[in-house]
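Structure assessment
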Protein chains: 2
Amino acid sequence: MSDSIMLQASPLTAKSFAPFGEVIETEFAKTISINDGLATRFHQLATAELSGEGGAVAVSLFRSDPLSLPHRVKVMERHPLGSQAFYPLSVVPFLILVARNNSNNEPEEFSLFLTNGNQGVNFFRNIWHHFLIVRQETCDFLVVDRVGAGDNLEEAVVEQEVIIPMV
Amino acid sequence: MSDSIMLQASPLTAKSFAPFGEVIETEFAKTISINDGLATRFHQLATAELSGEGGAVAVSLFRSDPLSLPHRVKVMERHPLGSQAFYPLSVVPFLILVARNNSNNEPEEFSLFLTNGNQGVNFFRNIWHHFLIVRQETCDFLVVDRVGAGDNLEEAVVEQEVIIPMV
């Protein structure tokens, strides 16, 4: 646990991200022609998970400022009561950091992904993740996650030196 | 019922749209500072409604081509099992047509709204609406609506001459 880890970013793909969530992208999606042929529905790119009493799925908007890189990871978070989807409102690649859950319910085995600019993600319920890492300019994201009663945020301080490089 | 109606578009506001759904916009929203102060959450701009067995809330993407205007309205639709939210992925105003439900369960009293480019909408469950009307160029929308079992689409042919003008 005392070794320093310099993460390396991989391109985000549905396959590599599958243990952690869904990639929201039109490529490979099921398409349906709608609106008298005037529109295409790229269908069900992500599905909201909702558990616990008194919750609902809501649409919010996050306005994220850039994180100065390289950055040592301080805290990871996860949401025990629901999934959390993010889709960027401008075509700007951003970084996604996730981790596996170890037997002590702590994040370990970190994975860093870089989007291609036309991708969002939906973190599954209870998946350790860092807040979205925007690099150069403020970026807005549409967010679909659970709101309502219950404690839906768990945080873990990362003692190990885990570094997000400049990408 | 036989009179022709030339609709007039009003600017979309939360107040004027309140009978039909929610306006998804950052103005007037509840904000929460998150991510160590690096981001702002514009909280719960819309809330998904979900009814019926076997459904879930999903994220899809619609790619909509322009509708040639003026246009005579043919069909209105509504979703008896859930709300439907749209947020544009480019800053382009678009038109929203909704209607009240009359005692015969038909759309009447049409209202046309024009967004300001930084607004989305969430149609409440069971609200008559036209498919989104994009005017000049193809536009992508992130869509949050119900998927799954059950018949969630009702359509009504509009016999009256209702015209969407060039806006």
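Nothing here was measured: the structure is a model prediction, and the numbers come from that model. (Residues numbered from 1 in each chain as written. Chains lettered and ligands numbered in written order. Predicted model: local features only at pLDDT ≥ 70, side-chain atom pairs only at ≥ 80, totals over all residues. Heavy atoms only, no water.)

A separate point is the state of the cysteines. Counted under the stated rule, the structure contains 0 disulfides over all chains. With no disulfide of its own, Cys139(A) lies 17 Å from the sulfur of Cys139(B), the closest cysteine sulfur. Cys139(A) sits in the buried class, given a relative accessible area of 1%. (Disulfide = S-S within 2.5 Å. Buried < 20%, exposed > 50% of the residue type's maximum accessible area, 1.4 Å probe, protein only.)

Before going further, it helps to examine the sheet that holds strand E12 (residues 120–123) of chain A. An order of E3(A)-E12(A)-E9(A)-E14(A)-E6(A)-E5(B)-E4(B) is seen for the 7 strands of this open sheet, with the pairing classed as antiparallel. The sheet terminates laterally at strand E3 (21–24) of chain A together with strand E4 (30–34) of chain B, the two strands that pair on one side only. Across this sheet, the average inter-strand angle for adjacent strands is 25°, counted without regard to direction. Two elements, strand E6 (residues 55–64) of chain A and strand E14 (residues 139–148) of chain A, share 10 bridges in a ladder whose sense is antiparallel. Across the sheet, the residue bridging to Ala58(A) is Asp145(A), located in E14(A). (Pairing = 2+ DSSP bridges. Helix = DSSP H or I, 4+ residues; strand = E, 2+ residues; numbered from the N terminus. Axes fitted to C-alpha atoms, helices over the stretch in contact; angles between N-to-C directions.)

Time to look at the sheet that holds strand E12 (residues 120–123) of chain B. Read from one edge to the other, the open sheet built from 7 strands follows the order E4(A)-E5(A)-E6(B)-E14(B)-E9(B)-E12(B)-E3(B), with strand pairing classed as antiparallel. Two strands lie at the open edges of the sheet, namely strand E4 (30–34) of chain A together with strand E3 (21–24) of chain B, each paired on one side alone. Across the sheet, the mean angle from the axis of one strand to that of its neighbour is 25°, orientation sign disregarded.

At the junction of the two partners, chain B supplies 39 residues and chain A supplies 39 residues. Here chain B and chain A share an interface that buries about 3400 Å² over both sides, 62% of which is from carbon and sulfur atoms. The largest per-residue losses of area from chain B upon contact with chain A belong to Leu38(B), Arg41(B) and Val59(B), which jointly make up 18% of the total buried on that side. The tally of links from chain B across to chain A stands at 4 salt bridges. For Arg41(A), the salt bridge is made with Asp145(B), and the minimal N-O distance between the two is 2.8 Å. (Contact = heavy atoms within 4.5 Å. Buried area = accessible area lost by both parts, 1.4 Å probe. Salt bridge = Lys/Arg side-chain N within 4 Å of Asp/Glu carboxyl O.)

Another aspect to go through is the relation of the copies chain B and chain A. Once chain B is rotated about the relating axis by 180° and shifted along it by 0.0 Å, it coincides with chain A to within an RMSD of 0.0 Å. Given the turn and translation reported, the copies of this chain are related as if by a two-fold rotation axis. By C-alpha distance to the rotation axis, the residue of chain B lying nearest is Leu89(B), at 2.7 Å. In this assembly the copies share their binding face: 100% of the residues contributing to the interface of chain B also contribute to that of chain A. (Least-squares fit on C-alpha atoms with pLDDT ≥ 70 in both.)

Residues and elements named next belong to chain B. Mapped onto the fold, Leu132 is located in the loop between strand E13 (128–129) and strand E14 (139–148). Counting along the chain gives 114 residues from Leu132 to Ala18, while the straight-line C-alpha distance between them is 18 Å. In this view, Leu132 contacts Phe86, Phe94, Leu95, Ile96, Phe123 and Phe141; residues no more than four positions away in its chain are not counted.

All names here are of chain A. A cluster of acidic residues, Glu106, Glu108, Glu109 and Glu159, forms a negative patch at the surface. Position of Glu108 among the secondary structure elements: in strand E11 (residues 107–114). Since its relative accessible area comes to 30%, Glu108 is described here as partly exposed. (Patch = residues over 30% accessible without salt bridge, like charges linked within 9 Å, V, L, I, M, F, W, Y side chains within 5 Å. Areas by Shrake-Rupley, 256 points an atom, 1.4 Å probe, with all protein chains shown as cover. Lys, Arg positive; Asp, Glu negative; His and termini not counted. Charge placed at Lys NZ, Arg CZ, Asp CG, Glu CD.)

As a further point, take the confidence of the model for chain A. In low-pLDDT regions, the fine details of the predicted coordinates are not to be read closely. Summarising the model, chain A shows a mean pLDDT of 96, and 99% of its residues fall at 70 or more. The complex model carries a pTM of 0.97, and its ipTM stands at 0.96. (pLDDT = per-residue confidence, 0-100.)

With that settled, the discussion passes to the pairing of E12(B). Residue and element names in this part refer to chain B. Residues Gly120 and Asn122 point to one face of E12 and Val121 and Phe123 to the other, with burial holding for every one of them. Summarising the sheet, E3 and E12 pair through 4 bridges and their orientation is antiparallel. In the strand pairing of E12, Ile24 is matched with Gly120.

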